[in-house]
Every structure is written in structure tokens, then in C-alpha cells.
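# Results of the structural survey
For reference, the chains in residue letters:
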Amino acid sequence: MTLFNDIDLFMAGTTGKTEFDLPDADVMLIDNFFNKEESDYYYQTLLEKTTWREYEMPMYDKVVTAPRMISWHQDEDISASANQTNPLTDDLKSVRNRVEAETRLQFNAVLLNLYRSGQDSVAWHSDKTNKSGLDPQIASVTFGETRLFRLRHKFRKDVPMVEIPLHHGSFLLMAGSTNSYWEHQVPKTAKAILPRINLTFRQVKS
């Protein structure tokens, strides 16, 4: 999919820890949450060893193939469809342990997204609440190419859209009422870029 030495091209963030002053939201970013050696390892391992799959989603009056690939992993005590669910690997548990130590939250599942090129994306949305509750805490880790992460308030047009570059090894937490009041997206880009892997940890109900 890509040569592993291409990871030398990935950019790390330089801002350290940032807590965003946004209404109705609790958003925090940590650049270099994983150092370059760790980030390179996870990028290589997840890209090569994850069982990636395409999936279909409804859009207006038709069903389309999502412009990215995914892999869902969770603890074994959660009931789910066996053909779409994978156990948490040791590497995913290791990443989770670091996230939980930072946030003092607990997560029992993770969705991996593979953005293969700049044409892969995620449209504006808020995360579904049927499994995670009304205000899920979403912990997002990025390995690979930098992509823009956008946030916009659902109800207040006077609040400007926020753009956050998510770099190799960065960690973003969306907590509090963020999911109820804000939507987010990862837009397409015409630039020739390398793949990005994003892990979104969450707590789902059995």
C-alpha cells in the first residue's frame, strides 16, 4: 500500500497540549502524544496487519461505498455481529492503555479508519449514540499523513468553524457535550498524500 520508509515524510505537530475554548464543547489536542519511533511502529503494524474492509452506508436515496476502509475491535464481553467484529490486539491495548492513563476514562472498543489517499474522507456528522450514549467520550489517535479535522457548531452560525491539523502521533479528545452540539468531518484533498490511520476509542454498552 505504501513503502514503510515513507513514514520519514510524516510531519509531527509542535504545539504540545491545547485545550480549545469552544462553547458547548470539551476538546483537547496533544501533539506528539506518541513519539516518532512509536508512531512509525504503530503505523507500519496497523497498516500491514489490520483486516481492513469496505462498508456501505446510506446517502440520501441510495446506498454507497464509504470513501475509506474500517476495522472494528472490541473487548470480548461485548455482544456484536461476529463477521464485523475483531478482538483488541496487544498493540491496540497498548495504545488504549496510554489513552486511558491520560484521560482517566475507560474504553472498551475502537474503530480504525484507513484513509488511503486524499480522496478518502468523512462527511459532516456527529457520532451515533445508540451504543455509546448521548454524550460519548471519543479519544482519537492519528498515525500517518496529516489530515485536517474540522468542527462546526450544529445550532450557532455565529461560532466559526474550527480546523485542527491531526499529525503523526497526535491525540484528540472530544468529551463533555461536544457530540451533542458539534459536527465534525475530515475533508478530501487534491494533494498527493500518503495513507492516514485513525483510531477512535469509545465506551460502548453491552
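The structure reproduced in this document is the subject of the present report. This structure is a prediction, so every number in the text was calculated from the model and none was measured.

### A short note on the sheet that holds strand E10 (residues 147-153)
In space, the four strands of this open sheet follow the order E8-E13-E10-E11, with antiparallel pairing throughout. The open sheet has two free edges, formed respectively by strand E8 (122-125) and strand E11 (162-166), since each of these has just one partner strand. Averaged over all adjacent pairs, the angle separating strand axes in this sheet is 20°, with direction ignored.

### Side note on the sheet that holds strand E1 (residues 17-20)
With respect to topology, eight strands assemble into an open sheet ordered E1-E2-E12-E9-E14-E7-E5-E6, the strand pairing being mixed. Pairing within the sheet leaves two strands with one partner each, and these edge strands are E1 and strand E6 (86-87). Examined bridge by bridge, strand E7 (residues 109-115) and strand E14 (residues 196-202) share seven bridges and lie antiparallel to one another. Of the residues in E14, the one forming a bridge with valine 110 is phenylalanine 201. Packed onto the sheet, helix H1 (residues 36-49) meets E7, strand E9 (138-144) and E14 and runs at close to 90° relative to E9. Relative to the sheet, helix H2 (residues 90-103) contacts E1, strand E2 (26-30), strand E5 (69-74), E7, E9, strand E12 (171-175) and E14, its axis offset from that of E14 by approximately 60°.

### So, the pattern of salt bridges
With the rule as written, the count across this model stands at 10 salt bridges. Residues lysine 17 and glutamate 102 are paired through a salt bridge, measuring 3.8 Å at the closest nitrogen-oxygen approach. A residue pair is termed long-range when its members are at least 10 positions apart, and lysine 17 in strand E1 and glutamate 102 in helix H2 qualify at 85 residues. Among the salt bridges present, the one from arginine 202 reaches aspartate 127, with a minimum N-O distance of 3.0 Å. Of the two residues, arginine 202 is situated in strand E14 and aspartate 127 in the loop between E8 and E9; the sequence distance between them amounts to 75 residues. Considered together, arginine 202 and aspartate 127 belong to a single accessibility category, that of buried residues. Each of Glu54, Arg116 and Asp120 takes part in salt bridges that share partners, so that together they form one network.

### Brief notes about the nonpolar core
Core analysis: the biggest nonpolar cluster contains 29 residues, and Val99, Val141, Phe171, Leu199 and Phe201 have the highest contact counts within it. Contributions of two or more residues to this core are made by E2, H1, H2, E7, E9, E12 and E14. Looking at this core element by element, the count peaks at four residues for H1. Listed in part, the 16 residues of the second largest apolar core include Phe149, Val159, Leu172 and Val186.

### What about the side chain of arginine 68?
Residue placement: arginine 68 occurs in the loop between strand E4 (62-65) and E5. Within the structure, arginine 68 has its side chain in polar contact with the side chain of asparagine 113 (distance 3.3 Å). With residues up to four places along the chain from it excluded, the contact list for arginine 68 reads Tyr55, Asn113, Leu114, Tyr115, Arg116, Asp120, Ser121 and Val122.

### Focus on H2
In a regular helix each residue adds 1.5 Å, so 14 residues correspond to 20 Å; H2 covers 20 Å between its end C-alpha atoms and thus fits that length. When H2 is considered as a whole, its buried residues turn out to be Asp91, Leu92, Val95, Arg96, Val99, Glu100 and Thr103. Where H2 is buried, its residues contact H1, E5, E7, E9, E12 and E14. Positive backbone phi, approximately 60°, marks arginine 104, located one or two places after H2.

The rules behind each value
- Residues numbered from 1 in each chain as written.
- Predicted model: local features only at pLDDT ≥ 70, side-chain atom pairs only at ≥ 80, totals over all residues.
- Heavy atoms only, no water.
- Pairing = 2+ DSSP bridges.
- Helix = DSSP H or I, 4+ residues; strand = E, 2+ residues; numbered from the N terminus.
- Axes fitted to C-alpha atoms, helices over the stretch in contact; angles between N-to-C directions.
- Contact = heavy atoms within 4.5 Å.
- Salt bridge = Lys/Arg side-chain N within 4 Å of Asp/Glu carboxyl O.
- Buried < 20%, exposed > 50% of the residue type's maximum accessible area, 1.4 Å probe, protein only.
- Core = buried A, V, L, I, M, F, W, Y, C linked by side-chain atoms within 4.5 Å.
- Polar contact = N/O pair within 3.5 Å; in protein donor to acceptor, adjacent residues only side chain to side chain.
- Expected span 1.5 Å × (residues − 1).

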